[in-house]
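The chain contents come next:
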Amino acid sequence: MSCIIGAFNAAYHTQMGVYEHFMGIKEGGKLAILAGAGPMGLGALTYALHRDVRPSMVVVTDINQDRLDRAAHLFPPAEIKEQEGIDLLFVNTGEFENAAEELIKISGGTGFDDVLCYAPVASVVTLSSDILGRDGCLNFFAGPTDNKFSAPMNFYDVHYNSTHVMGTTGGNTAGMIESLELTASGRINPAVMVTHIGGLDAAAETTLNLPKIPGGKKLIYTHLTMPLTALTDLRAKSEAENDERFIALADIVDANKGLWCPEAEEYLLNNFIEE
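Residues numbered from 1 in each chain as written. Predicted model: local features only at pLDDT ≥ 70, side-chain atom pairs only at ≥ 80, totals over all residues. Heavy atoms only, no water.

Student: Whenever I open this one, the environment of G258 confuses me. Can you help?
Tutor: Tracing the backbone shows G258 in the loop between helix 11 (245-254) and helix 12 (262-271). Those residues in contact with G258 that sit more than four places away from it in its chain are L231 and V253. (Helix = DSSP H or I, 4+ residues; strand = E, 2+ residues; numbered from the N terminus. Contact = heavy atoms within 4.5 Å.)

Student: How should the packing of aromatic side chains be read in this particular structure?
Tutor: Given two aromatic rings, their pairing is described by the distance between the two centres and the angle made by the two planes. Under the criterion given, the structure shown has 7 aromatic pairs. For the pair Y118 and F141, a centre-to-centre distance of 4.6 Å together with 20 degrees between the ring planes defines the contact as stacked. Placement of the pair is Y118 in the loop between strand 6 (112-117) and helix 6 (122-130) and F141 in the loop between strand 7 (132-140) and helix 7 (155-160), with a sequence separation of 23 residues. Comparing Y118 with F141 shows no difference in burial state: the two are buried. Between the aromatic rings of F140 and F149, the centroid separation amounts to 5.8 Å while the plane-to-plane angle is 5 degrees, which identifies the pairing as stacked. (Phe/Tyr/Trp six-rings, centres within 6.5 Å; stacked < 30°, edge-to-face > 60°. Buried < 20%, exposed > 50% of the residue type's maximum accessible area, 1.4 Å probe, protein only.)

Student: What is the right way to read the sheet that holds strand 11 (residues 229-230) from this model?
Tutor: What links the strands of a sheet is backbone hydrogen bonding, and the strands pair in either a parallel or an antiparallel sense. Reading across the sheet, the 3 strands line up as 10-9-11 and stay open at both edges, with mixed pairing between neighbours. Bordering the open sheet on either side are strand 10 (217-221) and strand 11, each of which pairs with just one other strand. Where strand 9 (residues 194-199) lies against strand 10, 5 bridges are found, and the strand directions are parallel. When the sheet's bridge partners are listed, I197 is paired in strand 10 with L219. (Pairing = 2+ DSSP bridges.)

Student: What is the right way to read the sheet that holds strand 6 from this model?
Tutor: Taken together, 6 strands build an open sheet; the order of strands is 5-4-3-6-7-8 and the sheet is parallel. Looking at which strands have only one partner, the edges of the open sheet turn out to be strand 5 (87-92) and strand 8 (164-166). Across the sheet, the mean angle separating the axes of adjacent strands is 15 degrees when strand polarity is ignored. By the bridge criterion, 3 bridges tie strand 7 to strand 8 in an arrangement that is parallel. Counted as the bridge partner of N139 is M166 from strand 8. Strands in contact with helix 5 (residues 99-106) are strand 4 (57-62), strand 5 and strand 6; relative to strand 4, the strand with the most contacts, it is inclined by about 160 degrees. (Axes fitted to C-alpha atoms, helices over the stretch in contact; angles between N-to-C directions.)

Here's what the structure looks like:
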């Protein structure tokens, strides 16, 4: 969350004829999170919806409908509109022949003030550039492993429409403190990023095979023994292991929209640590 907060704070905007950067995303603006239905994208979404300076519209895109459906379950657009006054849309860009054109339409024809790119994929970077509005800020958040990675970007718009690109990596102490304060007050929920739990015995294998394991963040409890287990597999795990403790965990998780939570963690620590 500290990394995510850093990206929002490092965004900037300008004013014609005023040579000064106004830091942060645009208040009341339009925000797009591309490739945003993964763990970090959902972390960005919970922060965007509940931080002090917020947009009026958030559009989250992905090409995986299952991930988009899960995101919509965790963040029901009608509920967000009623409670936060923010228009929230989940869009499968894989369904469009011209994704940029469709996203511009969704923005009301203006394009987006802030775009967060959450995948180091050239086509996603170019799409991010194509949907920027005037003075739009593109944050390339996703870290590529290829040090020659590049992608086409519209430099006509850079010159005439003041669009700009920047990137952030990592966070700082201030971001960590803000994250903890917002979490403690119930304003954000980093648990949207967690899809698996496991014990110390699962740490090495999980780390070595991380790119092959689907889902989001893997939460490792270093003081207990447990194979890596998806939250959606807790009931099946109970049958396979003939262990009713997993049923109790599944009941807690299911009652919390399928998310890991303090109650589940408390049960885990009280019942799975071997004396």
